[in-house]
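# Observations on the three-dimensional arrangement
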Amino acid sequence: EPEVTQTPSHQVTQMGQEVILRCVPISNHLYFYWYRQILGQKVEFLVSFYNNEISEKSEIFDDQFSVERPDGSNFTLKIRSTKLEDSAMYFCASNVRGWDGYTFGSGTRLTVV
Amino acid sequence: GDSVTQMEGPVTLSEEAFLTINCTYTATGYPSLFWYVQYPGEGLQLLLKATKADDKGSNKGFEATYRKETTSFHLEKGSVQVSDSAVYFCALSDKGNAGNMLTFGGGTRLMVKP
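First, a word on scope: everything that follows refers to the structure included in this document. (Residues numbered from 1 in each chain as written. Chains lettered and ligands numbered in written order. Predicted model: local features only at pLDDT ≥ 70, side-chain atom pairs only at ≥ 80, totals over all residues. Heavy atoms only, no water.)

### Examining the environment of A:Glu53
Residue and element names in this part refer to chain A. Relative to the helices and strands, glutamate 53 resides in strand 6 (residues 53-57). You can call glutamate 53 exposed: its relative accessible area is 51%. C-alpha separation for the pair glutamate 53 and valine 67, spaced 14 residues apart in sequence, amounts to 8.9 Å. (Helix = DSSP H or I, 4+ residues; strand = E, 2+ residues; numbered from the N terminus. Buried < 20%, exposed > 50% of the residue type's maximum accessible area, 1.4 Å probe, protein only.)

This is how it looks when you write it as structure tokens:
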């Protein structure tokens, strides 16, 4: 069964450093997403991406965050200058039709120290 | 805006007990409804879904019926197993939402004891 692949599975970074989280969505999917889950809390939407542009973003997704689809397969989330409160599990997801059939990756646990 | 409310956990059951996890929603459009499961240390896995009113989603003995009149999508299983211990998330995707994002409930932790 096709999978969404995320790397790395765990990243530790110092406060103020830039991090890039990587995702390879399912190949025929058109819509891509990032979500995050702070430990023990709700899964929160960050951003959706379609046709090479952001279609929606949440209040969490401020100027420190950016997304990119640098080639035909990768979808990245960059945090420019990490804060302690950015520590969370970050999930990538993708789907074909935009409102159905979301497939999530297994997540990247980001720890900011 | 859209929202999903789930019963708070943890829910602790003995093996073979009947499970209900309540989920209600608020949406401005015509949402699709989902249950996701998160096993310890793992990501989110789609458990079941329903895309329109009165649809019943089912998978692995779990089922949930999309009730538009009560805006509910309660998860049920007739006989739980220890391996069902996980966190269960109810979620919706509103087709009228340009961003197509999922809105999640807070999650309900299920603990099944042998």
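Let us keep going from here.
### Notes on the sheet that holds strand 8 (residues 62-65) of chain B
All names here are of chain B. If you trace the four strands from one edge of the open sheet to the other, you get 3-9-8-7, paired in antiparallel fashion. The open sheet terminates on both sides in strands that have one partner only, identified here as strand 3 (19-21) and strand 7 (56-59). If you compare each strand with its neighbour and ignore which way they point, the axes differ by 15° on average. As paired elements, strand 7 and strand 8 share four bridges and run antiparallel to each other. Bridging across to strand 8, glycine 57 finds its partner in alanine 64. (Pairing = 2+ DSSP bridges. Axes fitted to C-alpha atoms, helices over the stretch in contact; angles between N-to-C directions.)

### Focus: the interface of chain A and chain B
Facing the 19 residues of chain A at the interface are 21 residues of chain B. Counting across the chain A and chain B interface gives zero salt bridges. Between the two partners, chain A and chain B, sit four residue pairs in polar contact (both at pLDDT 80 or more). Of all elements in the fold, only strand 4 (31-37), strand 5 (43-50) and strand 6 of chain A reach the threshold of two or more residues within the side of chain A that touches chain B. Of the residues assigned to the side of chain A that touches chain B, the class counts are nine nonpolar, seven polar and three charged. (Contact = heavy atoms within 4.5 Å. Salt bridge = Lys/Arg side-chain N within 4 Å of Asp/Glu carboxyl O. Polar contact = N/O pair within 3.5 Å; in protein donor to acceptor, adjacent residues only side chain to side chain. Nonpolar A, V, L, I, M, F, W, Y, C, P; charged D, E, K, R; others polar.)

### Remarks on the side chain of A:Thr76
Residues and elements named next belong to chain A. The residue threonine 76 is located in strand 8 (residues 75-79) in this model. Under the relative-accessibility criterion, threonine 76 is labelled buried at 7%. Residues in contact with threonine 76, not counting those within four places in the same chain, are Ile20, Leu21, Arg22, Trp34, Ser66, Val67, Glu68 and Pro70.

### Observations concerning the environment of A:Phe49
All names here are of chain A. Relative to the helices and strands, phenylalanine 49 resides in strand 5. Separated by 40 residues in the primary sequence, phenylalanine 49 and serine 9 have C-alpha atoms spaced 22 Å apart. Excluding residues that lie within four positions of it along the chain, phenylalanine 49 makes contacts with Leu30, Tyr31, Phe32, Ile54, Ser55, Val67, Arg69 and Phe75.

Scope: geometric values only; no functional claims are made or implied.
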